[in-house]
2 protein chains.
Amino acid sequence: MQHDHIQVLSLAALAQTRIHIHAIIIQSWWRSPGNSMTGEAPKVNEALWRALFRLAPRSEAPLQLQLRRILVAAILDGRLPPGSALPSSRDLAKILTISRNTVALAYRQLIDDDLIEARERIGYFTRTSDLAGSLAVNTLPSPQSGCPVWSERIIKRYSQQRNIRKPRNWHEYPYPFVYGQSDPTLFPLAEWRECSRAALAVLAVRDWSSDMIDGDDPLLIEQLQQRILPRRGIWANSNQIMITVGAQHALYLLAELLVGTGCLAGIEDPGYPDARNILEAHGAQLRTLSLPCGGLASESEFMELDMVYLTPSHQCPTSSTMEFTTREALLGIADRNDLIIIEDDYESELNFYGQATPALKSLDRSDRVIYIGSLSKTLAPGLRLGYIVAAPEVIFEARALRRLMLRHPPANNQRAAGLFLQLGYHDTLVRRLIGTFSSRAAILTEALNTHLSEFSFSPVNGGSSLWVKGPVTLDARRLANAAERVGVLIEPGDVFFHVPGAVCPYFRVGFSSIPAERIEPGIRRLASLIDGLI
Amino acid sequence: MQHDHIQVLSLAALAQTRIHIHAIIIQSWWRSPGNSMTGEAPKVNEALWRALFRLAPRSEAPLQLQLRRILVAAILDGRLPPGSALPSSRDLAKILTISRNTVALAYRQLIDDDLIEARERIGYFTRTSDLAGSLAVNTLPSPQSGCPVWSERIIKRYSQQRNIRKPRNWHEYPYPFVYGQSDPTLFPLAEWRECSRAALAVLAVRDWSSDMIDGDDPLLIEQLQQRILPRRGIWANSNQIMITVGAQHALYLLAELLVGTGCLAGIEDPGYPDARNILEAHGAQLRTLSLPCGGLASESEFMELDMVYLTPSHQCPTSSTMEFTTREALLGIADRNDLIIIEDDYESELNFYGQATPALKSLDRSDRVIYIGSLSKTLAPGLRLGYIVAAPEVIFEARALRRLMLRHPPANNQRAAGLFLQLGYHDTLVRRLIGTFSSRAAILTEALNTHLSEFSFSPVNGGSSLWVKGPVTLDARRLANAAERVGVLIEPGDVFFHVPGAVCPYFRVGFSSIPAERIEPGIRRLASLIDGLI
């Protein structure tokens, strides 16, 4: 659990706190990196100390002050964790080829400052007590002048985009109704281990260890062709498929290739915030489509568009499935208006009742649908494996761009995933997920009907979340904030809308990560907050 | 070895040829996907056949013709490999809910066309003979009309950039003096297996299976801080480091953040083609620096620049190392002119003699150096692991961009690499690579001096390649082409120059992939071609 906790700390938090983790390793490293293996007595790792002090040569401050500043910085930022042994003043003087007296003076001052301590007949150590509070600001190394003004140099500030935010430590909350995160108990551990092991056979390593330039693992491509895509009604040649670092990467690549300033792109509203962000970042002008409000309103709203981005299988965030007749009508419109359709086949595998509706791409006779798929939602989001299916010309250019951007998604994971599909494990996994998620969905539906009867939502037929609408006076963001304080995580809906209103009564309730037995108590707790908020 | 071969076939080649690999799997899949596990008798996989024929509904051609077109396409593109069993006409008619007569008619025509055969009392099968040559073009499905004109829709054509090209099947050549590819015999198989296994422990999987949003594995960050960066003289906090999908991805991200139209960027000439391509793709105007020709020519060439991209450790492609005094002078110039420096710390670990020169970043007092490192060159290019070290403001925005682009590099590989560093295996690996590469370099030097004594090159002190200059009349591209025909792969140098001359006498000779005993025979064979070419 300790580790679990570490993993989800934000990096900003890591930077602010000291790194206590693995402090022992750091300490032994400062003495002698090899001692754990050779058993030799710890000695000062000269190269490391020399490297630490290489920072200084251009300063004009007295040597003793420079020394002290470097040590203070190293202690404060955790490079020298509490209790680290320092070299003796004689050793450090020798390493740095400076006078021993200079080192001794610096050490004495640091002892006075309560930063290090001398242990008799042993040597100098950084203090084991927590230092963060005890330091006066003027002990810190002076800020360097002449740094670039980064706010002027960074021309695009992606951090300013509106985005879904969820606490990094979501799994420490008792009721995490978060979306898009995995439940570790559902991960196919034994099967993935077997495939990872097989991908580490000598011949397999020979395949994936090379730079594949713009290529992919042929096994994974072939398995997608034969196992995954046919279920969506898609028959693709290998020159129509490319692997990506997750589905989002697929969309980013397509935007780089196809979206320029002034490109008119139609989006769902509410819709996937990152799609909106990616298209806008590439200069697209967005037009919201009336699609999700039931069928196609009129062809006129498509006439000026260059492309549309859609999530027909389980619409993000509503989880509704586009009907077959709507799909056919949409393709007709696309043909007549020469529209490109980007189909993000969101959670297409997770259908609780009967067969999935075939993908838009499967009905596309003019190769204008570009299909995005993912293995992240079923296998593990952390693996980042997605794919694009499109006309060969598009894939050809996408490969050239991907080559320039990052060459290829890691080839060892491609091979392991290929084997996972080949052995039929993905089919089994999908069946298991459907079983688990559909029973969670039933419990959630029941709980919502019981505790939040004045709230509305569409009946769930698949996916891993419910889109809930509260009374019009509900501010779902306030509700989410209040809920977070009592251990319940829901996702306020405003971020999914292209132009958010002042108050948004919608929120998303995910059930891919929360255990079944926590669902009812979580919704009950959520319901207890409502009175004060509507 | 068969697999080996498959891995390196280009995707274009795969698409043109039939996929013979795993044909048996495909065949059994068409019958019954579960039979290998359950042992049940093969039966027709209805869903797959139905999905295959879903393509057709919008066509107005006679049903029988539609059926035939789909089957022909599936046979030709390898979805139905030679010898595949087809459903009986009765079964297929039932699956598609069409008349049995229609199917029978279609099958009969396909038999006449020599595409399928009827085996008495067994059923219909695709022909086992090679079909590619025997088909008249008019048997092919007619091309669909109304497709988007992709050449007009794709706004950026990255495939047109000048780039290093090497045959995908480079390891089938007897003398592969290619650069940047790994030698599978040097991969630390046992150690990497151990780390992969450890990364598959239950608690570890819990860490990496989640979507880390904009985060990285804290263990890998920490190990870079403590094991890798200090050797380069760099002490970084965790908010100054971000993991990337290889070093090239790092540069791409930085270009997205920092390079806009008209940005003036200084580059080395000759230099790394992909750096040039990435900067140009983001709108930079490139200025070649006179740097590599010995020291700093003058400060004036830097005065107008916004940034410079440099490979100080082992310059690409010359492998020369920038001297310490040059580094200090350069940082002074950067400070005075408020330049951003992107330092690509190319192969910094591979030094044959003594300690590496500290990175530019280690001497940087004003946080204007952005450092790019990689684990690909030592561990395996196919793993795609790189990192950026920069000011916290830069890393903060780089994380927001990376989140939008692909979230994070696969987290399981981050964990395995973190463990690999933590266990000290990377140190051992680097020592082994240095030993192997330095002896290969010595053999190569000897061979060049013996067989190509009129050619010149700088003495090699590290890295994994030599930059060779032939007589001025030599066209290295012609030499490389001639050499390839006799099994010797070298890399012609023109692509490394910003403005290539008509004839370029330079070429690069890599030694990271060629076994020691092949070096001398390979150079001898190369030398035998020279007479006709100068």
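Predicted model only: the values in this text are computed from it and were never measured. (Residues numbered from 1 in each chain as written. Chains lettered and ligands numbered in written order. Predicted model: local features only at pLDDT ≥ 70, side-chain atom pairs only at ≥ 80, totals over all residues. Heavy atoms only, no water.)

### Some details on the overall build of chain A
Of the regular secondary structure elements, chain A holds 21 helices and 15 strands. Here chain A holds 534 residues, and 61% of them are scored as buried. Restricting the contact set of chain A to residue pairs at least 6 apart, pairs at least 24 apart contribute 72%. Approximately 20,000 Å² of chain A is accessible, and the part contributed by carbon and sulfur atoms is 52%. (Helix = DSSP H or I, 4+ residues; strand = E, 2+ residues; numbered from the N terminus. Buried < 20%, exposed > 50% of the residue type's maximum accessible area, 1.4 Å probe, protein only. Contact = heavy atoms within 4.5 Å. Areas by Shrake-Rupley, 256 points an atom, 1.4 Å probe, with all protein chains shown as cover.)

### A look at the relation of the copies chain A and chain B
Rotating chain A by 180 degrees and moving it 0.0 Å along the rotation axis overlays it on chain B with an RMSD of 0.1 Å. Here the symmetry operator amounts to a two-fold rotation axis. In this assembly the copies share their binding face: 99% of the residues contributing to the interface of chain A also contribute to that of chain B. (Least-squares fit on C-alpha atoms with pLDDT ≥ 70 in both.)

### A look at the interface of chain A and chain B
Taken together, the contact pairs 139 residues of chain A with 139 residues of chain B. For the pair chain A and chain B, the two sides together bury roughly 13,000 Å², of which 57% comes from carbon and sulfur. Counting every contact that joins chain A to chain B gives eight salt bridges. Joining chain A to chain B, the criterion identifies 47 residue pairs in polar contact (both at pLDDT 80 or more). Broken down by element, the side of chain A that touches chain B gets its largest block of residues, ten residues, from helix H17 (residues 392-405) of chain A. (Buried area = accessible area lost by both parts, 1.4 Å probe. Salt bridge = Lys/Arg side-chain N within 4 Å of Asp/Glu carboxyl O. Polar contact = N/O pair within 3.5 Å; in protein donor to acceptor, adjacent residues only side chain to side chain.)

### Re the packing of aromatic side chains
Inspection of the entire model under this criterion finds 26 aromatic pairs over all chains. In this structure an aromatic cluster arises from ring pairing among A:Trp467, A:Phe496, A:Phe497 and A:Tyr506. (Phe/Tyr/Trp six-rings, centres within 6.5 Å; stacked < 30°, edge-to-face > 60°.)

### A word on the sheet that holds strand E11 (residues 456-457) of chain B
All names here are of chain B. The strand order across the open sheet built from four strands is E11-E12-E15-E14, with neighbouring strands paired in antiparallel fashion. In this open sheet, the two edge strands, each paired with only one partner strand, are E11 and strand E14 (491-492). One ladder, built from five bridges, connects strand E12 (residues 465-469) with strand E15 (residues 506-510); its direction is antiparallel. Along E15, the bridge assignment pairs Val-468 with Phe-507. (Pairing = 2+ DSSP bridges.)

### Brief notes about unusual backbone geometry
Here the residue pair A:Asp269 and A:Pro270 is connected by a cis peptide bond, since its omega of 5 degrees sits within 30 degrees of zero. Summarising the element assignment, A:Pro270 is placed in the loop between strand E5 (264-267) and helix H14 (273-281). Located in the positive-phi region is A:Thr97, a residue other than glycine, with phi close to 45 degrees. With phi around 60 degrees, B:Arg121 is a residue other than glycine that occupies positive phi space. Its location among the elements puts B:Arg121 in the loop between strand E1 (116-119) and strand E2 (123-126). On the basis of relative accessible area, B:Arg121 is assigned to the exposed category, the value being 86%.

### Focus on the pairing of E15(B)
Sheet faces and side chains relate simply in a regular strand, where the side chains alternate between the two faces. Residue and element names in this part refer to chain B. Of all five residues that make up E15, four are buried, and the element is covered over most of its length. Relative to E15, E14 runs antiparallel, the two being bridged by two bridges. For Pro-492, the partnering residue across the bridge sits in E15 and is Phe-507.

### So, helix H18 (residues 411-422) of chain B
Residue and element names in this part refer to chain B. Given a rise of 1.5 Å per residue, twelve residues ought to cover 16 Å, and the 16 Å separating the end C-alpha atoms of H18 matches this to within 8%. Counting buried positions along H18 yields twelve of twelve residues, so the element is predominantly enclosed. Here H18 has its buried residues at Ala-411, Asn-412, Asn-413, Gln-414, Arg-415, Ala-416, Ala-417, Gly-418, Leu-419, Phe-420, Leu-421 and Gln-422. Just beyond H18, the residue with positive phi is Gly-424, at close to 80 degrees. (Expected span 1.5 Å × (residues − 1).)

### Overview of the sheet that holds strand E4 (residues 241-244) of chain A
Residues and elements named next belong to chain A. Spatial ordering of the open sheet is given by E4-E10-E9-E8-E7-E5-E6, a layout of seven strands whose pairing is mixed. Edge positions in the sheet fall to E4 and strand E6 (285-288), since each of these pairs with one other strand and no more. The mean inter-strand angle of the sheet, taken between neighbouring strand axes irrespective of direction, is 20 degrees. Pairing of strand E8 (residues 340-344) with strand E9 (residues 369-374), which is carried by four bridges, proceeds in the parallel orientation. Bridged to Ile-341 within E9 is Val-369. Its contacts with the sheet put helix H13 (residues 247-258) on E4, strand E7 (307-310), E8, E9 and strand E10 (386-389), and the angle it makes with E9 is roughly 155 degrees. In the packing of helix H15 (residues 324-337) onto the sheet, contacts are made with E7, E8 and E9, and the angle to E8 comes to roughly 145 degrees. (Axes fitted to C-alpha atoms, helices over the stretch in contact; angles between N-to-C directions.)

### What to know about the pattern of salt bridges
The full count for this structure, using the stated rule, is 49 salt bridges over all chains. When the shortest N-O distance is used, the salt bridge between A:Arg227 and A:Asp427 registers 3.3 Å. Placement of A:Arg227 in helix H12 (residues 218-228) and of A:Asp427 in helix H19 (residues 425-451) is noted, with a sequence separation of 200 residues between them. A salt bridge links B:Asp345 to B:Arg232; the shortest N-O distance between them is 2.5 Å. Of this pair, B:Asp345 sits in the loop between strand E8 (340-344) and helix H16 (360-363) while B:Arg232 sits in the loop between helix H12 (218-228) and strand E4 (241-244), and the two are 113 residues apart along the sequence. The residues B:Asp345 and B:Arg232 share a single accessibility class, namely buried.

### Comments concerning the confidence of the model for chain A
Residues and elements named next belong to chain A. Of the residues in chain A, 84% reach a pLDDT of 70 or more, and the chain-wide mean stands at 84. Across residues 1-29 the pLDDT falls below 50, and counting only partners more than four positions away or on other chains, this stretch makes 64 contacts in the model. Throughout residues 31-42 the model reports pLDDT below 50, and contacts reaching past four residues in sequence, or to other chains, amount to 15 contacts. In the model output, the complex is listed with pTM 0.80 alongside ipTM 0.79. (pLDDT = per-residue confidence, 0-100.)

### Things to note about helix H8 (residues 100-112) of chain A
Residue and element names in this part refer to chain A. When the terminal C-alpha atoms of H8 are compared, their 19 Å separation across 13 residues agrees well with the 18 Å that a helix rising 1.5 Å per residue should span. Every buried residue of H8 is listed here: Thr-102, Val-103, Ala-104, Ala-106, Tyr-107 and Leu-110. Put simply, Ser-99 is the residue that caps the front of H8, since its side-chain oxygen is 3.0 Å from the backbone nitrogen of Asn-101.

### Here we look at the pairing of E10(A)
Residue and element names in this part refer to chain A. Of the two faces of E10, both are covered, the one formed by Gly-386 and Ile-388 as well as the one formed by Tyr-387 and Val-389. Across four bridges, E4 lies against E10 in antiparallel orientation. When the bridges of E10 are listed, Ile-241 appears paired with Val-389. Here E9 pairs with E10 via four bridges, running antiparallel. In the sheet register, Ile-372 faces E10, and the bridge partner there is Ile-388.

### A few points about the state of the cysteines
According to the stated counting rule, one finds zero disulfides over all chains in the structure shown. Free of any disulfide, A:Cys147 has its nearest cysteine sulfur in B:Cys263, 19 Å distant. A:Cys147 sits in the partly exposed class, given a relative accessible area of 30%. (Disulfide = S-S within 2.5 Å.)

### Considerations on the environment of A:Ala527
Residue and element names in this part refer to chain A. Along the chain, Ala-527 falls in helix H21 (residues 516-530). On the basis of relative accessibility, which here comes to 18%, the residue Ala-527 falls in the buried class. Once the C-alpha coordinates of Ala-527 and Leu-383 are considered, the two residues, 144 residues apart in sequence, prove to be 36 Å apart. In contact with Ala-527, other than residues within four places in its own chain, are His-451 and Leu-452.

### With respect to the side chain of B:Thr318
Residues and elements named next belong to chain B. Mapped onto the secondary structure, Thr-318 falls in the loop between strand E7 (307-310) and helix H15 (324-337). A distance of 2.7 Å separates a polar atom in the side chain of Thr-318 from a polar atom in the side chain of Gln-315. Side chain to side chain, Thr-318 and Ser-320 meet in a polar contact 3.1 Å long. Apart from the residues lying within four places of it in its own chain, the contact partners of Thr-318 are Pro-270 and Trp-467.

### As for the packing of helix H10 (residues 189-198) of chain B against H18(B)
All names here are of chain B. Orientation of H10 relative to H18, taken along the N-to-C sense of each, is 125 degrees, at an axis distance of 8 Å. Put simply, H10 runs oblique to H18. Judged by the twist between their axes, the crossing of H10 over H18 is right-handed. Seen from H10, the contacting residues are Glu-191, Trp-192, Cys-195, Ser-196 and Ala-198; seen from H18, they are Asn-413, Ala-416, Ala-417, Leu-419 and Phe-420. (Parallel < 35°, antiparallel > 145°, perpendicular 65-115°, else oblique. Left-handed = near helix turned anticlockwise from the far one by under 90°.)

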